[in-house]
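Chain residues, written in single-letter form:
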Amino acid sequence: MALKELRQLRRDRRTVALMVGLPILLLVVFGYAASFDVDKLRTIAVGPAAGQVAAAAPERLEVVAEHPGEGRADAVRRLRDGEAQLAIVTGQQPAVLVDGSDLFAARAAQQVFAQRPGGLPPAEVLFNPDLETSVMMVPALIGLILVFVGTVATSLGVVRERQTGTLEQLAVMPLRPRDVFVGKVLPYFGVAAVDMAVITLVGIGLFDVPFRGSPWVLVLGAVEFLFVTLGVGVLISTVSQNQGQAIQLAMMTMLPQILLSGMIFPLSAMARGVRWIAYLLPLTYFNQISRGVMIRGASLGSLALPLEALALLGLIVFGLSVLRFRRDLAPAGEPRAPHRPAQPAQAEAGVR
Amino acid sequence: MTPARFGVEDLTVRYGARLALDRVGLAVPDGRITAVVGGDGAGKTTLLRALAGAVRPSSGRVERPPARRAGYVSAGPGVYRDLTVDENLAFSGGAYGLRGDRLAERATGLLERTGLLAARGRLAGQLSGGMRQKLALAMALLHQPDLLVLDEPTTGVDPVSRTELWRLLAEAAAAGAAVVLATVYLDEAARAAGVLVLDEGRTLLAGPPAELVAGMPGRMLDAPARPAGGEDAGWAAWRRGPRWRLWSPEEGAGVAGAEPAEPDLEDAVIVAALARPKAPRPREAAA
């Protein structure tokens, strides 16, 4: 029995890779990414003494921009648009403003300014004044649930066709690969969109998560995100031979998104080598959009980067899926026209 | 006779290093049923998949109509088990451009002819094997294809359903379609206008069944029991129902208790397999 299992396992390379590779991956990722300690706080300085802030600021502050001609309102706008985690307002009414949607950065800022360095007042938390975890987590959970529903459910779509023999039927039908892709994705898209609306409303109702921005910006981000997520599901489906493999792969795409998208561990606390992986993950960008819109009320313009990144990821995933579909669904292409008759001698007999 | 519009010429298909078909030819005339027979792994499915456009040939030529004018029933048989009979037909019809009244009219007509009218609301997964095959055939016939390709549509189907399936195929051929099917049943193949016998990816026999039987080489006898010492005398022997067949490539002396046999297509195929040159197998040659 053990020998049989070993032989079967040896031929199931994906499971072996998962069993051997995943613990190593988890160790490395956890080691470099699993940190709540934000060492550096991206800071902007405004007001007449903005130019002196960098020299006098505590070590953990990294001043990324100085705007001497601006005041508190501009600092709030810049924090809302996600330009920095912290703003120091200089002038007659000095203030330290911190973005509460970035929970760990905000806590770090509170620590830094608890001692009132340089005579600055304690940090004032914006957008999430009580630093509630649920306010930060619910917008990210919307994305995670959509990844789960979208990727896992969709990844079974093509595999089911392959296993039941209907994929071959699709291959000879007069359907274009992109039509099949869209047809496969559309119903899941509808279900996931309803899911998203329900989760968002429940999150707002049960956890008092604010919704300060434009719903249309969130809808735009969600549509792009769903397109990528469902596309990944279809892509997984086309490279899997059975439903077990599809679920295995879907899980392998979900795990890094949970750990590295900034949903739990802040991106700014991750080692640089791990952070670039986060920038390849769609959930990273959706988190920026959902938190930005819901908690801070970020504008469309300020979210251009994550929106563009999702659009790019969508195009890549869509392109790869259609290419894979083309291999499965149009292996022989269309016949040449007009049809030339076969050899008369064969026709006479019916066969050659 | 008009030359066949559809078929394959010198078709070779490789799956990686494995040679699945080796320079096979087949013409599928309009209005006729053509049968492809052979054992497991002979290349029947690959040939039909190439003809249907589901596999790309490594070399050779495939003549088939555009996808919208072809119908294909895979060995699967490619019905959606979690859709009803009607829903399966609607999907298939829609893919081939049938809509509304035209689709309803064609679907109802085919359900009547296949005996599935009463089952049109049932899930395909709840149908018997024979009913599922008939549904698959109905799906392939909906758009009245010029070429109908069927991969073992009668395998595992009860004799009554087999007869009904053949009636439907005969009707499709009578309506002008070029029909080609793979089968493991030689009594079925004998009813076809033409037969191609494949053996390990190569053509073993090809032609109308009667010609294949008439052209059988050597001498064949029929005996009530396996004769003692027959094989020593150069006679090959195999069981046919309760009796035995004996075959020798030479026209020699008879065997005690055996009489001249009336060979059929099954005998012709077995004899062709026995008489084939002992050349290296395609797979060995490929390796």
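Residues numbered from 1 in each chain as written. Chains lettered and ligands numbered in written order. Predicted model: local features only at pLDDT ≥ 70, side-chain atom pairs only at ≥ 80, totals over all residues.

Asks: Hey, could you run me through the overall build of chain A in this one?
Replies: A tally of helices and strands in chain A yields 14 helices and 5 strands. Relative to the globule expectation of 20 Å for 352 residues, the C-alpha radius of gyration of chain A, 26 Å, shows a markedly less compact shape. Judged by the C-alpha coordinates and their principal axes, chain A covers about 105 × 55 × 40 Å. With 352 residues in all, chain A has 46% of them scored as buried. Taking contacts inside chain A between residues at least 6 apart in sequence as the whole, the part at least 24 apart equals 72%. (Helix = DSSP H or I, 4+ residues; strand = E, 2+ residues; numbered from the N terminus. Rg over C-alpha atoms; globule rule 2.2 N^0.38 Å. Buried ≥ 20, exposed ≤ 12 C-beta atoms within 10 Å, placed from the backbone. Contact = placed C-beta atoms within 7 Å.)

Asks: Honestly, the overall build of chain B in this entry has me stumped. Any pointers?
Replies: Each helix and strand counted, chain B has 9 helices and 13 strands in total. Its C-alpha atoms give chain B a radius of gyration of 21 Å, near enough to 19 Å, the size a compact globule of 287 residues would have. For chain B, the spread of C-alpha atoms along the three principal axes comes to 70 × 40 × 40 Å. Buried positions account for 47% of the 287 residues belonging to chain B. Partitioning the intrachain contacts of chain B with sequence separation of at least 6 by distance along the chain shows that 72% fall at a separation of at least 24.

Asks: Which parts of the structure should I look at to understand the domain arrangement of chain B?
Replies: All names here are of chain B. Each assigned domain of chain B is listed here: domain 1 (6-207) and domain 2 (210-286). Computed over C-alpha atoms, the centres of domain 1 and domain 2 are 32 Å apart. Listed as interface residues are 17 residues of domain 1 and, on the opposing side, 14 residues of domain 2. When contributions to the side of domain 1 that touches domain 2 are tallied by element, the ones reaching two or more residues are strand 2 (18-28), helix 6 (186-189), strand 8 (194-199) and strand 9 (202-207). Residues of the side of domain 1 that touches domain 2, tallied by class, amount to 10 nonpolar, 2 polar and 5 charged. (Domains from an automatic or database assignment. Nonpolar A, V, L, I, M, F, W, Y, C, P; charged D, E, K, R; others polar.)

Asks: Can you walk me through the confidence of the model for chain A in this structure?
Replies: Close inspection of predicted coordinates is inappropriate in any region flagged by low pLDDT. Residue and element names in this part refer to chain A. Per-residue pLDDT for chain A has a mean of 82; in total, 93% of the residues score no lower than 70. Model confidence for chain A, summarised as mean pLDDT per element, is weakest for helix 14 (residues 344-349) at 35 and strongest for helix 12 (residues 282-296) at 93. For the stretch residues 334-352, pLDDT sits under 50, and the model shows 57 contacts to residues farther than four places along the chain or on other chains. (pLDDT = per-residue confidence, 0-100.)

Asks: When you look at the pairing of strand 1 (residues 41-46) of chain A in this model, what are you seeing that I'm missing?
Replies: Every regular strand shows the same layout, with side chains that alternate between the two sheet faces. Residue and element names in this part refer to chain A. Buried residues dominate strand 1, accounting for 6 of its 6 residues. Burial along strand 1 is two-sided: Leu41, Thr43 and Ala45 and Arg42, Ile44 and Val46, pointing in opposite directions, are all buried. Across 6 bridges, the pairing between strand 1 and strand 2 (residues 61-67) is parallel. Bridge assignment links Arg42 to a residue of strand 2, and that residue is Glu62. As defined by bridge partners, strand 1 adjoins strand 3 (residues 86-89) across 4 bridges and the pair is classed as parallel. Note on strand 3: the bridge partner recorded for Ile44 is Ala87. (Pairing = 2+ DSSP bridges.)

Asks: Is there a simple way to explain the sheet that holds strand 1 (residues 6-15) of chain B in this structure?
Replies: Through backbone hydrogen bonds, the strands of a sheet pair up, either in parallel or in antiparallel fashion. Residue and element names in this part refer to chain B. Spatially, the 3 strands line up as an open sheet ordered 2-1-4, and their pairing is antiparallel. Both outer strands of the open sheet, strand 2 and strand 4 (59-63), are each paired with one neighbouring strand and no more. If you compare each strand with its neighbour and ignore which way they point, the axes differ by 20° on average. Each of strand 1, strand 2 and strand 4 is contacted by helix 1 (residues 44-52), which is oriented at about 120° to strand 1, the strand it contacts most. (Axes fitted to C-alpha atoms, helices over the stretch in contact; angles between N-to-C directions.)

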